There are 2 protein chains.
Amino acid sequence: MLRNYKITVSYDGTRYNGWQKQKNTEATIQGKLEQILYRLSGRETAVHGAGRTDAGVHALGQTANFRLDTALSEAELLDYFNRYLPDDIAVLSLKPASERFHSRLSAVGKVYRYRIYTGNAKPVFDRKYMWQFPEELDAERMRQAARLLTGWHDFRSFCGNRRMKKTTVRRLDSIEISSLDGGRELALTFEGNGFLQNMVRILTGTLTECGTGMRNPEEMPQILAAEDRSRAGITAPALGLTLVEVKY
Amino acid sequence: MLRNYKITVSYDGTRYNGWQKQKNTEATIQGKLEQILYRLSGRETAVHGAGRTDAGVHALGQTANFRLDTALSEAELLDYFNRYLPDDIAVLSLKPASERFHSRLSAVGKVYRYRIYTGNAKPVFDRKYMWQFPEELDAERMRQAARLLTGWHDFRSFCGNRRMKKTTVRRLDSIEISSLDGGRELALTFEGNGFLQNMVRILTGTLTECGTGMRNPEEMPQILAAEDRSRAGITAPALGLTLVEVKY
């Protein structure tokens, strides 16, 4: 009997072309997970992820679901995944889910974190997980801008897909900006009901432009109102971004 | 005029054949630092490290010294190092030192940390910096053994160099064993006046054998007294070890 399983997945995205399976590369997270299920069952099994993380983006708690008919127990299935997955992808938990559960459609919220290195040295051990920012950032200016971006808005100006046909309205609940490691790191935590393609990276790029003084925090309402990608800031690099949690 | 400089260096040892320069490989930390000084000055300049870390061992605060005649200021010289070093090696600080200062001979103590992953999942982000241990470890048994290893002892049984001609007597001040990350990590911190080749890794291997129950903590005095490498436990893998600090 086919059963629906929910998994929580952690990965270091450095070596991968993102979550979503692609025809021209084996190096995607979805592709790796589906390979394991093919190895186990001999059937093609679709693994549906909650968020299609970009190439180079990491996850602490991505979720996904798939339907499988197996004699293995949950503990054995979890073990099977982790034995055959490369060491930069781990399945943290595996549970049976209701028949109607879909990792993306059932999600009610997501949490992303973006890490910026602002110290003077080089972050040797976290170099693959932080954007090394060359200038000083005024966190207070970034927080002013962040407050003007939260709430229900049309985030078309912060969407990397210029041909996006569906609604670009999302609820951004909060952007917390914390100074860590004695001021050497700035961590931006975004929570909302859903995020558009590149949205966290464009928000981060725009916030850093407020932080350097190049842009005024008070511009944010106008950028949102313009519904035009070219009005927002740069897309921050993928390596600093981590999908922390998917809420149900 | 030649001046003596002291530097503090951090590195991810994963890609390197250890600190010490070798004839058959470019991939050593000392080699990389000396290359930068050759590039700057056109002269071969020896960089003396405080500890000859093994292949794959990391450093948060290795120290070294070298003599150089340069018109660059200290800030410029620091910058020059970090611009040309690969991104897994960083010079954290650079200061002029007294003529008599030698990073190894002047050192009065060293701190090493060994990280063991004891969780059930795979440590995706720290996989290159932790020994993934397959069994449960009883930290209290390890602490009992650790207490019997501290003090002034002949550590010949814990020395990886079987032809060691010089004294193998060292003062091991403390071994702290901390449970971190909700019990998923065991961190062993070693402080002493100096460490023999592989000494921290053999101490760690022996302590884990006490932790699994395979070995009795009370054996420690006999192992020390035997002055025989074959009486101690295995050499723990290099990847879990980090040179944290050198004291002067």
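Novice: Give a description of the nonpolar core that names residues and reports values.
Specialist: Counting 63 residues, the largest nonpolar core has A:Leu33, A:Phe81, A:Phe158 and A:Phe190 as its most contacted members. Element by element, the count of residues in this core is highest for helix 4 (residues 199-212) of chain A, at 6 residues. Discounting residues that sit within four places of it in the chain, A:Leu33 has contacts with A:Ile7, A:Val9, A:Trp19, A:Val47, A:Phe81, A:Leu85 and A:Val91. Listed in part, the 62 residues of the second largest apolar core include B:Tyr80, B:Ile175, B:Leu207 and B:Met220.

Novice: So, the packing of helix 1 (residues 29-41) of chain A against helix 2 (residues 74-84) of chain A: which residues are in play, and what are the values?
Specialist: Residues and elements named next belong to chain A. Put simply, helix 1 and helix 2 touch, their axes get as near as 10 Å, and they point 115° apart. The crossing of helix 1 and helix 2 is right-handed. The segment helix 1 lies against helix 2, with Leu33, Ile36, Leu37, Arg39 and Leu40 engaging Leu77, Tyr80, Phe81 and Tyr84.

Novice: Tell me about helix 3 (residues 139-149) of chain B, and please be specific about residues and values.
Specialist: For an α-helix, 3.6 residues make a turn, and residues three or four places apart therefore share a direction. Residues and elements named next belong to chain B. Regarding helix 3, the residues found buried are Ala139, Met142, Ala145, Ala146 and Leu149. Projected down its long axis, helix 3 carries its buried residues within an arc of 120°, all on one side. In this structure, the buried residues of helix 3 make contact with strand 7 (151-154), strand 8 (169-180), strand 9 (185-192), helix 4 (199-212) and helix 5 (220-226). Here helix 3 starts with a cap whose side-chain oxygen sits 3.0 Å from the backbone nitrogen of Glu140, and that cap is Asp138. Once helix 3 finishes, Gly151 follows within two positions and takes phi at roughly 110°, a positive value.

Novice: Requested: an account of the side chain of B:Asp88, with residues and values cited.
Specialist: By the element assignment, B:Asp88 lies in the loop between helix 2 (74-84) and strand 4 (89-96). The buried category is assigned to B:Asp88, whose relative accessible area is 1%. One polar contact links B:Asp88 to B:Arg15, side chain to side chain, over a distance of 2.6 Å. Side-chain polar atoms of B:Asp88 contact the side chain of B:Tyr16, separated by 2.7 Å. In this structure, B:Asp88 is in contact with A:Val124, A:Arg127, B:Ser10, B:Tyr11, B:Asp12, B:Arg15 and B:Tyr16, ignoring residues within four places of it in sequence.

Novice: Tell me about the side chain of A:Asn65, residues and numbers included.
Specialist: Mapping A:Asn65 onto the fold places it in strand 3 (residues 58-68). Residues contacting A:Asn65, with those up to four places away along its chain left out, are A:Asn4, A:Tyr5, A:Lys6, A:Ala46, A:Val47, A:His48, A:Phe101, A:His102 and A:Ser103.

Novice: Could you give an account of the pairing of strand 8 (residues 169-180) of chain A, with specific residues and numbers?
Specialist: Relative to strand 8 of chain A, strand 7 (residues 151-154) of chain A runs antiparallel, the two sharing 4 bridges. Within the sheet, the bridge partner assigned to A:His153 lies in strand 8 of chain A and is A:Arg170.

Novice: Let's hear about the interface of chain A and chain B: which residues, and what values?
Specialist: In this assembly, 21 residues from chain A lie in contact with 21 residues from chain B. In total, about 1,700 Å² of surface goes out of reach between chain A and chain B, with carbon and sulfur atoms giving 60% of it. On the chain A side of the contact with chain B, A:Lys122, A:Phe125 and A:Arg127 bury the most area, a combined 42% of that side's loss. Our count for the chain A to chain B interface comes out at 4 salt bridges. Across the salt bridge formed by A:Asp87 and B:Arg127, the nearest N and O atoms sit 3.4 Å from each other. On inspection of chain A and its partner chain B, the count reaches 12 residue pairs in polar contact (both at pLDDT 80 or more). For the side of chain A that touches chain B, the elements supplying multiple residues, two or more each, are strand 1 (3-11), strand 3 and strand 4 (89-96) of chain A. Here the side of chain A that touches chain B is composed, by residue class, of 12 nonpolar, 3 polar and 6 charged.

Novice: Hey, could you go over the relation of the copies chain A and chain B for me, with residue numbers and the actual values?
Specialist: Screw-axis analysis of chain A against chain B gives a translation of 0.0 Å along the axis, an RMSD of 0.0 Å, and a rotation angle of 180°. Between the two chains, the operation in question is that of a two-fold axis. When the interface residues of chain A are mapped onto chain B, 100% of them are again interface residues, pointing to one common binding face.

Criteria and thresholds
- Residues numbered from 1 in each chain as written.
- Chains lettered and ligands numbered in written order.
- Predicted model: local features only at pLDDT ≥ 70, side-chain atom pairs only at ≥ 80, totals over all residues.
- Heavy atoms only, no water.
- Core = buried A, V, L, I, M, F, W, Y, C linked by side-chain atoms within 4.5 Å.
- Buried < 20%, exposed > 50% of the residue type's maximum accessible area, 1.4 Å probe, protein only.
- Helix = DSSP H or I, 4+ residues; strand = E, 2+ residues; numbered from the N terminus.
- Contact = heavy atoms within 4.5 Å.
- Axes fitted to C-alpha atoms, helices over the stretch in contact; angles between N-to-C directions.
- Left-handed = near helix turned anticlockwise from the far one by under 90°.
- Arc of directions from axis to C-beta.
- Polar contact = N/O pair within 3.5 Å; in protein donor to acceptor, adjacent residues only side chain to side chain.
- Pairing = 2+ DSSP bridges.
- Buried area = accessible area lost by both parts, 1.4 Å probe.
- Salt bridge = Lys/Arg side-chain N within 4 Å of Asp/Glu carboxyl O.
- Nonpolar A, V, L, I, M, F, W, Y, C, P; charged D, E, K, R; others polar.
- Least-squares fit on C-alpha atoms with pLDDT ≥ 70 in both.

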